[in-house]
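Coordinate analysis (summary)
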Amino acid sequence: VQLQACGGGLVQPGGSLRLSCAASGSIFSIDRMGWYRQAPGNQRELVATMTTAGSANYADSVKGRFTISGDNAKNTMLLQMNSLKPEDTAVYYCYADGLRFGRLYQYWGQGTLVTVSS
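All of the points below concern the structure found in this document. Predicted model only: the values in this text are computed from it and were never measured.

Along the chain, arginine 37 turns up in strand S4 (residues 32-38). On the basis of relative accessibility, which here comes to 5%, the residue arginine 37 falls in the buried class. Reaching out from arginine 37, the side chain makes a polar contact with the side chain of aspartate 88 at a distance of 2.9 Å. Here tyrosine 92 takes part through its side chain, which lies 2.9 Å from a polar atom of the side chain of arginine 37. Residue contacts for arginine 37: discarding those within four places in its chain leaves Gln43, Arg44, Glu45, Val47, Ser61, Val62, Phe66, Glu87, Asp88, Ala90, Val91 and Tyr92.

Okay, here's the thing in structure tokens:
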């Protein structure tokens with residue numbers, strides 16, 4: 001599975017950005033896709049995930065502001081980020097995983113930088 005993320009950039013506080021992640025390869029093996037982020041000096045943390053059945057999970061810090069969605073026909077996952085705050089500044093990583101024969105396979109895309117600053 002290969003993941004290609006894009007959509008980062010510079011935005012002012014209160015603004016919006018949309019990230020997208022396109023999956024290719026053995027996409028049939030994916031059970032869940034999502035986004036993690038890592039700010040300078042911090043550990044990588046979960047932002048949001050969604051299962052192929054459509055069940056979404058969000059970090060408390062982004063609930064009500066971020067929305068994860070998927071386009072199965074295009075094998076693409078989106079993260080709509082609204083009301084952005086400076087503390088949302090981080091490198092955002094696209095993520096996917098799948099459980100096969102008792103083993104969890106994890107896949108990561110390249111990061112895309114989101115900077116929230118005035």
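Read from one edge to the other, the open sheet built from six strands follows the order S2-S10-S9-S4-S5-S6, with strand pairing classed as mixed. Of all strands in the sheet, those bounded by a partner on one side alone are strand S2 (9-11) and strand S6 (56-58). On average, each strand axis in the sheet is tilted by 25° relative to the strand beside it, whichever way the strands run. Pairing geometry for S4 and strand S5 (residues 45-51), over six bridges, is antiparallel. Note on S5: the bridge partner recorded for tyrosine 36 is leucine 46.

Turning our attention to the state of the cysteines. Per the counting criterion, the structure on display carries one disulfide. The closest cysteine sulfur to the non-disulfide-bonded cysteine 6 is located on cysteine 21, 8.6 Å from its own sulfur.

Here the largest pocket defines a volume of roughly 310 Å³. Lining the largest pocket are 16 residues, and of these Met33, Thr52, Gly70, Asn72 and Thr76 sit closest to its centre. If you list the elements that add at least two residues to the lining of the largest pocket, you get S4, S5, strand S7 (66-71) and strand S8 (76-81). For the lining of the largest pocket, the leading source of residues is S7, giving three residues. Its residues placed into classes, the lining of the largest pocket shows six nonpolar, eight polar and two charged.

Rules used in this analysis
Residues numbered from 1 in each chain as written. Predicted model: local features only at pLDDT ≥ 70, side-chain atom pairs only at ≥ 80, totals over all residues. Heavy atoms only, no water. Helix = DSSP H or I, 4+ residues; strand = E, 2+ residues; numbered from the N terminus. Buried < 20%, exposed > 50% of the residue type's maximum accessible area, 1.4 Å probe, protein only. Polar contact = N/O pair within 3.5 Å; in protein donor to acceptor, adjacent residues only side chain to side chain. Contact = heavy atoms within 4.5 Å. Pairing = 2+ DSSP bridges. Axes fitted to C-alpha atoms, helices over the stretch in contact; angles between N-to-C directions. Disulfide = S-S within 2.5 Å. 1 Å grid on protein atoms, 1.4 Å probe; cavity = no way out; pocket = protein on both sides within 12 Å on 5 of 7 lines; lining within 4 Å. Points joined across faces, edges and corners; volume = space filled by probe spheres on them. Nonpolar A, V, L, I, M, F, W, Y, C, P; charged D, E, K, R; others polar.

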